[in-house]
Structure formats: structure tokens, C-alpha cells
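Here are the chains, one letter per residue:
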Amino acid sequence: QVQLVESGGGLVQAGGSLRLSCAASGRTFSIHAMGWFRQAPGKEREFVASIRWSAGTTDYTNSAKGRYTIFKDNAKNTVYLQMNSLKFEDMAVYYCAADDSWVRDIGTYDYWGQGTQVTVSS
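Residues numbered from 1 in each chain as written. Predicted model: local features only at pLDDT ≥ 70, side-chain atom pairs only at ≥ 80, totals over all residues. Heavy atoms only, no water.

Caption draft 1: The arrangement of the environment of cysteine 96 in detail. Looking at the secondary structure, you find cysteine 96 in strand β9 (residues 92-100). Residue class for cysteine 96 comes out buried when judged on its relative accessible area of 0%. Here the alpha-carbon distance between cysteine 96 and glycine 113, two residues 17 residues apart in the chain, equals 5.2 Å. (Helix = DSSP H or I, 4+ residues; strand = E, 2+ residues; numbered from the N terminus. Buried < 20%, exposed > 50% of the residue type's maximum accessible area, 1.4 Å probe, protein only.)

Have a look at this one:
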């Protein structure tokens with residue numbers, strides 16, 4: 001069992017920055033990867049970024065490349081999403097997720113956080 005708690009969302013002006021945090025607790029030793037997803041009003045949930053827990057390999061959606069950085073702190077069991085140069089289209093609820101190698105196949109996210117709102121203003 002893994003619990004995920006996101007934090008760091010809020011209101012920011014276009015061009016500004018936010019850093020989201022996702023703290024994992026519970027049976028964290030079997031986490032293969034962690035990812036960030038977002039869902040804007042009226043839109044499908046979409047993948048934003050991911051990181052392999054052991055290897056550190058990262059992946060990003062095209063709109064995030066060059067602006068977002070996903071990184072982790074192993075000692076704190078925490079993954080972060082640094083978001084720079086924020087745009088209106090970044091506005092969404094951001095969710096942290098964990099791909100647990102003990103639960104289902106690798107590539108399927110098994111645990112989800114409660115979400116944190118990112119609002120971008122002009």
C-alpha cells in the first residue's frame with residue numbers, strides 16, 4: 001500500500017513558476033516509477049512527466065519539455081515537478097501517481113494522490 005500526498009499548487013501569473021511535491025509513504029520500496037498527470041476543465045486527463053525511481057530516467061509530454069523538470073529525493077521518498085514559464089494551458093489539477101511493481105504491470109499507475117490545483121492568471 002502506498003499513499004501519495006501532493007502539495008505546492010496555487011495561483012501564479014503567466015510566466016511564473018511553481019514547484020509541486022508528492023510525498024510517498026507506506027510500501028514505497030516496490031515503486032518502479034512516479035508520474036505527474038493533469039486534468040483541465042472539460043479535457044481528458046493527460047500525462048505530464050514521469051521518473052523511474054531507481055534509474056532516474058525521465059519523460060515529458062511535449063508541452064512540458066524545456067519548462068518542466070521532474071526530480072526526486074530518495075531520502076524523503078518525494079518527487080517534485082518544477083514548473084517554469086507557466087502558461088494558461090498549464091492550468092489544471094495536477095495529480096501524482098505511482099507505478100508499483102508489486103501491484104500491476106509496469107507502465108500502469110496503481111496509486112494516485114488527491115490532486116493539487118494550479119491556476120495561471122494573466
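After that view of the structure, there is still more to cover.
Caption draft 2: Region of the structure containing the nonpolar core. Within the largest apolar cluster, 30 residues are counted, with the highest numbers of intra-cluster contacts made by Leu4, Met34, Trp36, Tyr68, Leu81, Met83 and Tyr94. Contributions of two or more residues to this core are made by β1 (2-7), β3 (18-26), β4 (31-39), β5 (46-52), β7 (68-73), β8 (78-83), β9 and β11 (116-121). If sequence neighbours within four positions are ignored, leucine 81 has contacts with Leu18, Arg19, Leu20, Trp36, Val48, Ala49, Tyr68, Thr69, Ile70 and Tyr94. (Core = buried A, V, L, I, M, F, W, Y, C linked by side-chain atoms within 4.5 Å. Contact = heavy atoms within 4.5 Å.)

Caption draft 3: Representation of the pattern of salt bridges within the structure. For the coordinates displayed, the defined rule picks out five salt bridges. The partner of glutamate 46 in a salt bridge is arginine 38, with the nearest N and O atoms 2.7 Å apart. Taking the relative accessible area as the measure of exposure, arginine 38 reaches 4% and is therefore buried. The shortest N-O distance in the salt bridge between arginine 38 and aspartate 90 comes to 3.1 Å. Note that arginine 38 is positioned in strand β4 and aspartate 90 in the loop between β8 and β9, a separation of 52 residues in sequence. The exposure class assigned to aspartate 90 is buried, which follows from its relative accessible area of 0%. (Salt bridge = Lys/Arg side-chain N within 4 Å of Asp/Glu carboxyl O.)

Caption draft 4: Representation of a nonpolar patch on the surface. A surface patch of nonpolar side chains, about 390 Å² in accessible area, is lined by Phe29, Trp102 and Val103. Mapping valine 103 onto the fold places it in the loop between β9 and β10 (111-112). (Patch = residues over 30% accessible without salt bridge, like charges linked within 9 Å, V, L, I, M, F, W, Y side chains within 5 Å. Areas by Shrake-Rupley, 256 points an atom, 1.4 Å probe, with all protein chains shown as cover.)

Caption draft 5: Focus on the packing of aromatic side chains. One pass over the full model with this rule turns up six aromatic pairs. Measuring from ring centre to ring centre gives 5.7 Å for phenylalanine 37 and phenylalanine 47, while their planes differ by 75°; the resulting arrangement is edge-to-face. Taken together, the positions of phenylalanine 37 in strand β4 and phenylalanine 47 in strand β5 put the pair ten residues apart, joining distant regions of the chain. On the basis of relative accessible area, phenylalanine 37 is assigned to the buried category, the value being 8%. Residue phenylalanine 47 is classed as partly exposed on the basis of its relative accessible area, which comes to 25%. Look at phenylalanine 37 and tryptophan 112: their rings are 4.9 Å apart centre to centre, the planes differ by 55°, and that puts the pair in the tilted class. One end of the pair, phenylalanine 37, is in strand β4; the other, tryptophan 112, is in strand β10, with 75 residues separating them in the sequence. Joined through ring pairs, the aromatic side chains of Phe37, Phe47, Tyr109 and Trp112 make up one cluster. (Phe/Tyr/Trp six-rings, centres within 6.5 Å; stacked < 30°, edge-to-face > 60°.)

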